Amino acid sequence: MTRPLTTLLSLLCCLCLSAQTAMEDFKRDITLSGDNYVAYRGPQKQLTAAPKGYTACYISHYGRHGSRNLIGDKTYSHPYSILKAAADSAMLTPAGTELMEKLRIARDDAAGHIEELTLRGAQQHYEIATRMYDRFPSVFKGKVNIKANSSVVVRCILSMNNALLALQRRNADLTFRLDASQGDMSYINFYDKELFKKRMPDGSEARKAYRDFEKKHLDWVPFMNRIFKSEAYWRANVKNPHQFYVDEVWKICSNMQSSELRHSISLYDYFTFDELYNIWLVRNAGWYVNYGPSPLNGGTQVFSQRRLLKKMIEEADSSLALPVPGATLRYGHEVCVLPLVCLLGLNGYDTPYHNLDDLEPNGWRDYNIFMMGSNVQLVFYRRNANDHDPLVKVLLNEDEATLPQALRPVTGPYYKWTDVKDYYLKKLSGYKE
């Protein structure tokens, strides 16, 4: 009687979560408005017990690096310099003066550590790996081989190292084969120039739809007038108010949650709730068009991760042929996690929407996909080492995910690997480069 009741409660929980709007999420936790700068939350649900007789035997993983400082020194220094010049001309409001001082602190804190993994980012991957071990101990029991590959970017390498350190502390008998090589970048962080040219080219339907959406939702004038004493001043002296508003101050505000400064400084008070909500709406739409299944540009951008998915399938098969499969861990970037999730069709994130206004009401919310430390885990189960018909379930950010409706689970979130593999290989073969 316990399992049906648990299943019912889980279903009701999922329905309640799906009914939440982004606005309700932000009222509960404003840091979720941070888009791809949201710090990792960890699993939100309990795992479903494996079918009787099945034991976890192998994990195939791809994860984004953990929390980091922002990309580019100018992201920190440029907005401060704008406010400093205004202060020297007595053109800042009291709010502007406060903001300037906080931007100075943020700039100084990040100096020498631009783009690097933060302490919180290291902790995220240590904790993710610890939970991986504790949730699936049978995968890591005894003398097991762990293969780990990382993007050549240092924050990814350090994320990998923190994860492996956690596993080693759990089991000193584990053997690691790790690498961060340009030779792996063709699937760890593949940049498809020809495909990306089709995202939002000039004159395209995708560009027009996105620009119209952006124009409807972005208005930086009230923000600028709260910071500067004179509208005439900022219009004459801030060459790109959009950049200052979204690409600099908002980014620093949103990414503060990845820094130890989060305990003492916040920039949220300089924005209204509606401004934060609308910035997120625009960025969410931008990610959908550029990396998601948007039909506005042909719905093909998700295939930027075709090499990664093919590699995951191949390595799963070769590992499952071994008596002790172990685990394959990969560390990269959100620009891979997001299209991979859409390519896999997890939780309906492969749904095409012609109208960008339909994304949020239908639950297409990027902060649930690719927060700092986000990850996809394929967990494989079999009855014994001679079982050639394993089951697999997929975790998105450590919570069980649904697969496309064309795939029918054996039970709960557990699918036949042969069905899953055949489905995705067919999907990949249908894409013409």
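Residues numbered from 1 in each chain as written. Predicted model: local features only at pLDDT ≥ 70, side-chain atom pairs only at ≥ 80, totals over all residues. Heavy atoms only, no water.

A.B. asks: Would you explain the side chain of R365 in this entry?
C.D. replies: Assignment of secondary structure puts R365 in the loop between α15 (334–344) and β5 (375–382). A polar atom in the side chain of R365 sits 3.1 Å from the backbone oxygen of E360. Excluding residues that lie within four positions of it along the chain, R365 makes contacts with Q20, T21, A22, D25, W280, N284, Y349 and E360. (Helix = DSSP H or I, 4+ residues; strand = E, 2+ residues; numbered from the N terminus. Polar contact = N/O pair within 3.5 Å; in protein donor to acceptor, adjacent residues only side chain to side chain. Contact = heavy atoms within 4.5 Å.)

A.B. asks: How should I be thinking about the packing of aromatic side chains in this particular structure?
C.D. replies: The description of an aromatic ring pair uses the distance of the two centres, along with the angle that the planes make with each other. Going through the model one piece at a time under the given rule, you end up with 25 aromatic pairs. Plain terms: the ring middles of F26 and Y277 are 6.2 Å apart, the flat faces sit at 65 degrees to each other, and that makes the pair edge-to-face. Of this pair, F26 sits in helix α2 (residues 22–28) while Y277 sits in helix α13 (residues 273–291), and the two are 251 residues apart along the sequence. Using a relative accessible area of 14% as the deciding quantity, one classes Y277 as buried. The structure contains a cluster of three or more aromatic residues connected by ring pairs, namely F223, F228, Y233, F244, Y245 and F271. Geometry around Y291 places R199 over its ring, the cationic atom sitting 4.2 Å from the centre. A cation over a ring is seen here: R307 above F190, with NZ or CZ 3.9 Å from the ring centre. (Phe/Tyr/Trp six-rings, centres within 6.5 Å; stacked < 30°, edge-to-face > 60°. Buried < 20%, exposed > 50% of the residue type's maximum accessible area, 1.4 Å probe, protein only. Lys NZ or Arg CZ within 6 Å of the ring centre and 35° of its normal.)

A.B. asks: Could you clarify how one ought to interpret helix α12 (residues 241–255) in this entry?
C.D. replies: Because the α-helix completes a turn every 3.6 residues, residues three or four places apart line up on one side. With 15 residues, α12 should cover 21 Å at 1.5 Å per step; its first-to-last C-alpha distance of 20 Å lies within 8% of that length. Along its length, α12 shows its largest kink, about 30 degrees, at V249. Most of α12 sits out of view: twelve of its 15 residues are buried. Within the span of α12, buried status applies to P241, F244, Y245, V246, E248, V249, W250, K251, I252, C253, S254 and N255. As for α12, its buried residues are in contact with α3 (73–88), α4 (94–110), α10 (221–227), α11 (231–237) and α13. (Expected span 1.5 Å × (residues − 1). Bend = angle between axes of the 7 residues up to and from the residue.)

A.B. asks: Looking at this model, I keep getting lost on the confidence of the model for the chain. Mind explaining?
C.D. replies: Atomic detail in the predicted coordinates should be set aside for any region of low pLDDT. For the chain, mean pLDDT is 95; residues scoring 70 or higher make up 96% of the total. Low pLDDT (under 50) marks residues 1–18, which in the prediction has three contacts with non-local residues, meaning those over four places away or in another chain. (pLDDT = per-residue confidence, 0-100.)

A.B. asks: What's the story with the pairing of strand β1 (residues 55–64) in this structure? I'm lost.
C.D. replies: Successive side chains on a regular strand alternate, one facing one side of the sheet and the next facing the other. Among the ten residues in β1, nine count as buried, and that is most of the element. Where β1 and β5 come together, eight bridges link them in antiparallel fashion. The residue of β5 that forms the bridge with S60 is L378. Bridge analysis of β1 against strand β4 (residues 326–332) gives seven bridges, and the strand direction is parallel. If you follow H61 over to β4, its bridge partner there is L329. (Pairing = 2+ DSSP bridges.)

A.B. asks: What should I look at first to understand the pattern of salt bridges in this one?
C.D. replies: Pairing between side chains becomes possible if they bear opposite charge and their charged atoms approach one another. For the coordinates displayed, the defined rule picks out 27 salt bridges. In this structure, D108 and R107 form a salt bridge, with 3.0 Å as the shortest nitrogen-oxygen distance. Here D108 falls in the partly exposed class, since its relative accessible area comes to 38%. Among the salt bridges present, the one from K197 reaches E194, with a minimum N-O distance of 3.1 Å. Residue K197 shares its accessibility class with E194, and that shared class is exposed. One network of salt bridges, in which partners are shared, links E101, R104, R107 and D108. (Salt bridge = Lys/Arg side-chain N within 4 Å of Asp/Glu carboxyl O.)

A.B. asks: I'm lost on the nonpolar core in this one. Help?
C.D. replies: It is characteristic of soluble globular proteins that their nonpolar side chains tend to be buried jointly. One finds F223, F228 and F271 to be the most contacted residues of the largest nonpolar core, which totals 107 residues. The dominant element in this core, judged by the number of residues it contributes, is α13, at eleven residues. F271 has contacts with F223, R226, Y245, V249, W250, C253, L276 and I279, leaving out every residue within four places of it along the chain. (Core = buried A, V, L, I, M, F, W, Y, C linked by side-chain atoms within 4.5 Å.)

A.B. asks: So what exactly am I meant to see when it comes to unusual backbone geometry here?
C.D. replies: Glycine aside, negative phi is the norm for most residues, and most peptide bonds take the trans geometry. Unlike most non-glycine residues, A90 shows phi in positive territory, near 55 degrees. Within the secondary structure, A90 is located in the loop between α3 and α4. Residue classification places A90 among the partly exposed residues on the basis of a relative accessible area of 47%.

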